[in-house]
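So you can see what is in the structure, the chains are spelled out below.
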Amino acid sequence: MMGEDNVPQPQSSACIRCLPILIPRHPSPLLPPPHSLSLPLLLKSLSRSGSRTKMWSFWAAVAPPPHAFRRKRVKSMALRLLFLFLSLSAIYADEGAYIGVNVGTALSNMPSPTMVAALLKSQQIRNVRLYDADPAMLAALTNTGIRVTVSVPNEQLLAVGQSNATAANWVARNVVAHVPAVNITAIAVGSEVLTALPNAAPLLVPALRYIHSALVAANLDGVIKVSTPHSSSLILDSFPPSQAFFNRTLEPVFVPMLKFLQSTGSYLMLNVYPYYDYLQSNGIIPLDYALFRPLPPNKEAVDANTLLHYTNVFDAVVDAAYFAMAYLNVTNLPVVVMESGWPHKGDPTTEPDATTDNANTYNSNLIRHVINSTGTPKHPGVSVPTYIYELYDEDLRPGVTSEKFWGLFDANGVPAYTLHLTGSGMLLANDTSSQTFCVAKEGADEKLLQAGIDWACGPGKVDCSLLTQGKPCYDPDTVEAHASYAFNEYYHGMGMAVGTCHFSGVAAITTTDPSHDSCLFSGSGGRNGTVLNGTSLATSPNSTSSTSSDAHSFYQSKVVLQIVEALLSGLVFL
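The sections below set out a description of the structure shown in this document. (Residues numbered from 1 in each chain as written. Predicted model: local features only at pLDDT ≥ 70, side-chain atom pairs only at ≥ 80, totals over all residues. Heavy atoms only, no water.)

### Observations regarding the overall build of the protein
Which entries qualify depends on this criterion: A run of H or I in DSSP becomes a helix once it reaches four residues, and a run of E becomes a strand once it reaches two; helices and strands are each numbered from the N terminus. Per-residue accessibility, obtained with a 1.4 Å probe over protein chains only, is compared with the maximum for each type, and a residue is labelled buried under 20%, exposed over 50%, and partly exposed between these values. All accessibility values rest on the Shrake-Rupley procedure with a 1.4 Å probe; residue burial counts only the protein chains present in the view.
Across its full length, the protein holds 17 helices and 15 strands. Taking all 574 residues of the protein together, the buried fraction comes to 55%. When the accessible surface of the protein is summed, it comes to about 23,000 Å², and 57% of that surface belongs to carbon and sulfur atoms.

### Observations regarding the sheet that holds strand E13 (residues 386-388)
Remark on secondary structure: sheet strands pair via backbone hydrogen bonds, oriented parallel or antiparallel. Put simply, the rule is: At least two DSSP bridges between two strands are required for those strands to pair. Note on method: axes are straight lines fitted to C-alpha atoms, helices fitted across the in-contact stretch only, with angles between N-to-C directions ranging 0 to 180 degrees. Residue contacts follow a heavy-atom distance rule, with two residues in contact if any of their heavy atoms lie within 4.5 Å.
Within the open sheet, the nine strands sit side by side as E5-E4-E3-E2-E1-E13-E12-E9-E6. Their pairing is parallel. In this open sheet, the two edge strands, each paired with only one partner strand, are strand E5 (225-227) and strand E6 (229-231). Geometrically, the sheet is characterised by an average inter-axis angle of 25° between neighbouring strands, direction not taken into account. Alignment of strand E12 (residues 335-340) against E13, held across two bridges, turns out to be parallel. For Ser340, the partnering residue across the bridge sits in E13 and is Ile388. The strands touched by helix H9 (residues 201-217) are strand E3 (147-152), strand E4 (184-189), E5 and E6; relative to E4, the strand with the most contacts, the crossing angle is about 155°.

### Brief notes about helix H7 (residues 164-176)
What counts, and what does not: The directions from the helix axis to the C-beta atoms form the arc being described. Any pair of nitrogen or oxygen atoms within 3.5 Å is treated as a polar contact; in protein, a donor-acceptor pairing is required on top of that, and neighbouring residues in sequence qualify only through side-chain atoms on both sides.
Looking at H7, one finds that the buried residues are Ala167, Trp170, Val171, Asn174 and Val175. Buried residues along H7 cover an arc of 100° about the axis, so they all sit on one side. If you follow the buried residues of H7, they end up packed against helix H5 (135-140), E3, helix H6 (154-162), E4 and H9. Looking at where H7 begins, the residue whose side-chain oxygen comes 3.3 Å from the main-chain nitrogen of Ala165 is Ser163.

### Focus on the state of the cysteines
For clarity, the threshold we go by: Two cysteine sulfurs form what is called a disulfide whenever their separation falls within 2.5 Å.
Within this structure, the stated rule accounts for three disulfides. Across the disulfide from Cys438 sits Cys501; the S-S distance is 2.0 Å. Given an S-S torsion of about 90°, the disulfide between Cys438 and Cys501 has right-handed geometry. Of the two residues, Cys438 sits in strand E14 (residues 437-440) while Cys501 sits in the loop between helix H16 (479-493) and strand E15 (507-510), which places them 63 residues apart along the sequence. There is a disulfide in this structure between Cys457 and Cys464, and the S-S distance comes to 1.9 Å. Between Cys457 and Cys464, the disulfide has an S-S torsion of -85° and is therefore left-handed. Owing to a relative accessible area of 30%, Cys457 belongs among the partly exposed residues under this scheme. Assigning the bonded cysteines of the protein consecutive numbers by sequence position, one obtains the connectivity 1-5, 2-3, 4-6.

### Focus: the packing of H6 against H9
To be explicit about the condition: Should an angle fall under 35 degrees it is taken as roughly parallel, and over 145 as roughly antiparallel, whereas 65 to 115 is taken as roughly perpendicular and any remaining angle as oblique. Left-handed describes a crossing whose near helix is turned anticlockwise from the far helix through less than a right angle; right-handed describes the clockwise counterpart. Put simply, Ala, Val, Leu, Ile, Met, Phe, Trp, Tyr, Cys and Pro go in the nonpolar bin, Asp, Glu, Lys and Arg in the charged bin, and everything else, Gly too, in the polar bin.
Where H6 contacts H9, the two axes come as close as 8 Å, and the packing angle between them is 70°. Judged on the interaxial angle alone, H9 and H6 are roughly perpendicular. The hand of the H6/H9 crossing is left-handed. Within the contact between the two elements, H6 uses Leu157, Leu158, Val160, Gly161 and Gln162 and H9 uses Leu203, Pro206, Ala207, Tyr210 and Ile211. In terms of residue class, the contact of H6 with H9 is made up of eight nonpolar, two polar and no charged.

Right under this line is the structure:
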C-alpha cells in the first residue's frame, strides 16, 4: 500500500525501533589481555522493517603515495609523519569482506553490556551495529578492538537534521567522548527513514551533512563514515535487476544523498530480507532461491538484458541497488548490507517457513557467501559486507510470532541453532562440545605466542612433553604449531570454559581438528571439519582487500608502528 506522497509504508512486521517514539507510527588465570594494538584503536580507540521488494514479477517471468619526507623543521616532519600514520591506518582499517551482527535490546531480560561484550569477544564477532549510542554499551566495548557502528535513532533525527549545533553536540557526546578507546567506524543516521518516517525525508541529507561536519571538526572523518540504512523496498521494478530504479518520488532526497556518500567515501547502507521477498511472492519465488541452496543452471533466474544468472535472492537485490544507482549516474558507491537474516521460529499455521532448519541454512550460506568474497553477478569478487539480524532473540518485539525469533542466541547466550560452516575457521556459536579446539591465530606475534607457551607449559600445568624433539608433536617445529598444541591442552584441561582460549588475544577457537600424523590434540574425534558454528565473523581470508584477513591485523599494526618509530627516531638527527 502506498502512503503519503506515494512513499511505501512499512507493513505489520515493521521494526518498532525504526519508528519515532513521539511521532505517530506507520502500519582466566591466563595472561591478562593487553590493550589492543590495532591501528583503528590507536586512532579512535536495528531495526528491521520488511525491506520488502516487489520481486515476484521478474520471478514469474524467468524463474521456472604517501608524500616524500623532506628534512625540514621538526614541526614539518612531525606533521608529515602524522599524515603518513593516519593514511596507513585508514588503509589497514578497511576490512574488505566481513560479517557483522546487529545488537537489538528489546528483551525482557536484556544481558548487561558487559555480558554482551563478553559474548561478542568469545564468538570472535568483530563488527557490530548498535541502534543507538548507549554509553554503557560503548564503555563495555572499550579496548576490545570490535568495530562499532553507532546510530542516531529516528526520534533524534528531527533535532539533528535541523541544527548543526545539535549534531555537533551529538557527535561530541556519543563519538568523540569514546574514541579512541572504542573502535567506532561508522554512524548510521536514522533507520529506514524514507519508509518508516517519510515526513522527515527532507531532514535526512542535512542530518548526514551536519554529522559529517562534526566529524571533520574533530578530525575523525577519515576513519568514521556516515550513512543511513534503507529498506530494499525503495527499489522499484527490481526484477530483472538491470531494470531496477529507486522510487522516483524520492529522487530529490536520494540524489543528493548518493552524491554526499560518494563525496565522503562512504557507502550505501541497505537492508535485505529474502525471507519477506519469498513470503510476498505467493509461491513464485522458490524457497531454494531465498535460502542460497544450489540450483542447476537451467533453474537459475536469468536477466534477459544482461544475461547474468542469479542463483539467490540476496544477490539479485544487491545488484538491483547497483543498477538503480547507475540509473542516477552513481556507479562507484559500495553497498553494505546492514540487516539480513531469517527467523528460526514462527506460527506453524501462518509462518511455516520460519524454522530452525531454514534459519540455519540461510545464515550459514549467507555467511559463507560473504566471507568468501563471492560478490554478485554484476560485480563478482567485490565483497558485500553484511550484518546478520540479529544477536539476540527479542521477546518484546510486537507483531507476528516470528518477529521475536531472529536471534543467533537467546538472552542467556545459548545458541538458537548450530550453523553449518564446516572448515570456515573460528567459532561463531558458543558450542563447548569436545569437537572444538583452541589454536594460535594465524600471523600472531611470535613473542606473544612464546609467552603463551611458557605460561601454559609452566603455571598452566600443561604436559608439553610431546613437544620435545623426537616426540609426536614436535614437528612442525614452529612457534605457532607448538602454541596451538599448548593452548588447546590448556583449553580442554579447563573444560573449555569461557575465557580459557585467549592468551593475550593470540588464540582462537576453531572447529577444524588441528591433529596431524600421530599428534592427536585433546578433543580430537579423528575427524576434521566438524559441522558446528565454525566461522569468524571477521574479514575473509579470501578477500580481495589489501587487508584481507583480520587475523593479520596485529602484524599490520606492528609494521606501521615500526615505520612510525623509525621515522620518529630520525627526528633526533634534524
